[in-house]
Amino acid sequence: MFGVDPRRTVLTIGQLAATAGVTVRTVRHYHHVGLLPEPDRDASGYRRYTAQAAVDLIRIRTLADAGVPLSRIDALLHAQPPEFAAAITDIDAALQRKIAQLTEYRTRIAELAGGESLVLPPEVVAILNRMRALGISEQRILLERDSWILLRALDPDAVPRRIREKNAELDDPETTRLYLAVDHSIDWNPHDPRLDQLIDDLDAWEIAHARDTGKPTTRKLVSSRISESSPSWQRIVDTLAHRAEQRNH
């Protein structure tokens, strides 16, 4: 009439784990962190667990599955009802804060446009979208994005000025014509005679729109990022850099 004495029922670690619906590895982890006492070995060299251990393990698993941190479970297992209720209220509030934070993250991720808004200010994202509207290829826009990422990381003070310059360039029909021409040249042979005229046009544009090109390290990295995308673009970048260097000497 009093049921089975939980102190006398013996279980192997595998049976104990199965009773609670966890793995043997989980049981051993609970031993390691001090949540579940590890019994001594019996005469045959095996560890035997009582029914009480199964009850304790089920309670531990239930609390862990509910999101209670392992560091707080031991105190809850030994808490009086008022203390238990207060701790659960506190844990529930922490979970609610976590849910709100994760919901905010999901909202922000859903609003990202190709990942650009994650690393660039809205003004730069707007520039990239203007370039898309002009018909500039996505490959060229990705290079533009990477250039802004490098500029923002290495020369952040130059970003506002460059935003103003870029918007002015996109307002100018001749500049947008050159953007599209460079975009179309990506697959040209670097010795294509059309590239000579394009380089001359770009060089003339650079002379007419003389501006601060930023820190040397930033300029070098941006040029390298563009050059590695196409042999024809590499020739454009190298030739323009060579002409600019000659003018400065």
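Shown above is the structure to which this text applies.
Analysis parameters
- Residues numbered from 1 in each chain as written.
- Predicted model: local features only at pLDDT ≥ 70, side-chain atom pairs only at ≥ 80, totals over all residues.
- Heavy atoms only, no water.
- Phe/Tyr/Trp six-rings, centres within 6.5 Å; stacked < 30°, edge-to-face > 60°.
- Lys NZ or Arg CZ within 6 Å of the ring centre and 35° of its normal.
- Axes fitted to C-alpha atoms, helices over the stretch in contact; angles between N-to-C directions.
- Helix = DSSP H or I, 4+ residues; strand = E, 2+ residues; numbered from the N terminus.
- Parallel < 35°, antiparallel > 145°, perpendicular 65-115°, else oblique.
- Left-handed = near helix turned anticlockwise from the far one by under 90°.
- Contact = heavy atoms within 4.5 Å.
- Salt bridge = Lys/Arg side-chain N within 4 Å of Asp/Glu carboxyl O.
- Buried < 20%, exposed > 50% of the residue type's maximum accessible area, 1.4 Å probe, protein only.

On to the packing of aromatic side chains, then. One pass over the structure, following the stated rule, counts zero aromatic pairs. Looking at R194, its charged tip hangs above the ring of W188, at a distance of 4.0 Å from the centre.

Turning to the packing of helix α7 (residues 122-134) against helix α9 (residues 159-171), a few remarks are in order. Here α7 crosses α9 at 15 degrees, and the two axes come no closer than 10 Å. Considered as vectors, α7 and α9 are oriented roughly parallel to each other. Crossing of α7 against α9: the hand is left-handed. Here E123, V124, I127, R130, M131 and L134 of α7 come into contact with α9, specifically with I163, K166, N167, L170 and D171.

What follows covers the pattern of salt bridges. The full count for this structure, using the stated rule, is 20 salt bridges. Among the salt bridges present, the one from R47 reaches E38, with a minimum N-O distance of 3.0 Å. One salt bridge in this structure joins R61 and D65, with 3.7 Å as the shortest N-O distance. Within this pair, R61 and its partner D65 are both found in helix α3 (residues 51-65), separated by four residues, close to a single helical turn. For R61, a relative accessible area of 25% puts it in the partly exposed group. Bridged by salt links that share partners, the residues R140, E144, R161, R162, E165, K166 and E169 form one connected network.

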